[in-house]
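Coordinates in review
So the chains spell out like this:
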Amino acid sequence: MAAFNLTPSDSSSFILTGIPGLDAAYPWVSIPFTVFYMIGLFGNFTVLFIVVKEQTLHKPMYLLLCMLALTDIGMSTSVVPMALCIFWFNLKGITVSGCLTQMFFIHTVSVMQSAVLVTMAFDRYVAICNPLRYATILTNTQIAKLGLVGLIRAVIFILPLPLLLSRQPFCANRIIPHTYCEHMAVVKMSCGDITVNRTYGLVVAFVVNGADLILIALSYGLIIRAVLRISSKKAHQKALNTCTAHICVMLMSYIPSLFSYLTQRFGAGIASHVHVIFANFYLLVPPMLNPIIYGVKSKELHDKVGKYTCKR
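Residues numbered from 1 in each chain as written. Predicted model: local features only at pLDDT ≥ 70, side-chain atom pairs only at ≥ 80, totals over all residues. Heavy atoms only, no water.

So, about the state of the cysteines. Counting across every chain of the model gives 2 disulfides. Across the disulfide from Cys99 sits Cys181; the S-S distance is 2.0 Å. Taking the sign of the S-S torsion, about -120° here, the bridge from Cys99 to Cys181 comes out left-handed. With Cys99 in helix 3 (residues 96-129) and Cys181 in the loop between strand 3 (175-176) and helix 7 (183-187), this pair connects stretches of sequence that are 82 residues apart. (Disulfide = S-S within 2.5 Å. Helix = DSSP H or I, 4+ residues; strand = E, 2+ residues; numbered from the N terminus.)

The following block contains the structure:
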């Protein structure tokens, strides 16, 4: 993983304290971190393996599931190994360049995942509202192009965050009450004027997450309108079932993320350990549950999983 070699202060380090106030419980806290991480890795790698192996799953919806699985693996892996080093070995130091690099990867993958969720909502919109043209509108090539656009967008929006921070002078007290280098937590370590950093962070949040949420809401609004026009109760139920998994995944991804973001900026009265727990929740729990949700709700994927697990 490349690091940002940025400032004269690169030789210094930050101290990540983990979860404030829970130091004595770290051996116990590490258990859910490890379990959630391992289940998430197993589930997401299983999805990737099955979709790659099965030609019948080489379809736009399952390519999107692979993209989601890759972002899930990337998000949790950017955080959990460092957190476990804190919990198990009391290794709390991280260089400035290492911290900015971790921050870049976490936020880039998060924005990329948001783009994947928007594309999944569009996929469901086309499948339900314009099924006859689905195969021509959303091909595997189109999905790959949309994925590339999502990645480029993420890099363009997130790269300025560590670059702006690299120009900041950091205070002597470099203790970050967190398990990873979250943007605002690092910004608060600066002794300089952080107006630009705070403003750009807000712009990214509202432009990226705000626009994505609007597009998702619009897609599902049109889907609901189309479903309500279906006269057949069976078709009505089938259409709703195809969206259930996507809605669950989106709620799990956006609600904890938004809560974590807002409490970091505006939640002065919220205990720091509550904020850190929620910040880790949205990086750990959705990656663990996403493959389970899709494995249960997608009959085709469920059958393929059964094909491999039931082999003797």
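Having seen it, we continue.
Attention now goes to the packing of aromatic side chains. With the rule as written, the count across this model stands at 7 aromatic pairs. Residues Phe104 and Phe105 carry aromatic rings whose centres are separated by 5.5 Å and whose planes lie at 80° to one another, so their mutual orientation is edge-to-face. What links up through ring pairs into an aromatic cluster is the set Tyr26, Phe33 and Phe87. (Phe/Tyr/Trp six-rings, centres within 6.5 Å; stacked < 30°, edge-to-face > 60°.)

Applying the stated criterion across every chain, the model contains 2 cavities of 30 Å³ or more. The calculated volume of the largest cavity comes to roughly 420 Å³. Taken together, 26 residues form the lining of the largest cavity, with His107, Ser110, Asn209, Ser257 and Tyr282 sitting closest to its centre. Those elements that provide at least two residues to the lining of the largest cavity are helix 3, helix 7, helix 8 (195-228) and helix 9 (233-266). For the lining of the largest cavity, a count of residues per class yields 14 nonpolar, 10 polar and 2 charged. (1 Å grid on protein atoms, 1.4 Å probe; cavity = no way out; pocket = protein on both sides within 12 Å on 5 of 7 lines; lining within 4 Å. Points joined across faces, edges and corners; volume = space filled by probe spheres on them. Nonpolar A, V, L, I, M, F, W, Y, C, P; charged D, E, K, R; others polar.)

We now examine the nonpolar core. Core analysis: the biggest nonpolar cluster contains 76 residues, and Phe14, Phe87, Met120 and Val186 have the highest contact counts within it. In contact with Phe14, other than residues within four places in its own chain, are Lys92, Gly93, Ile94, Val96, Cys99, Phe170, Arg174, Ile176, Val186 and Met189. (Core = buried A, V, L, I, M, F, W, Y, C linked by side-chain atoms within 4.5 Å. Buried < 20%, exposed > 50% of the residue type's maximum accessible area, 1.4 Å probe, protein only. Contact = heavy atoms within 4.5 Å.)

Turning to its location among the elements, Lys304 is positioned in helix 11 (residues 299-309). Residue classification places Lys304 among the buried residues on the basis of a relative accessible area of 18%. Here the alpha-carbon distance between Lys304 and Ala154, two residues 150 residues apart in the chain, equals 32 Å. Discounting chain neighbours no more than four positions away, the residues touching Lys304 are Ile50, Glu54, Thr56 and Leu57.

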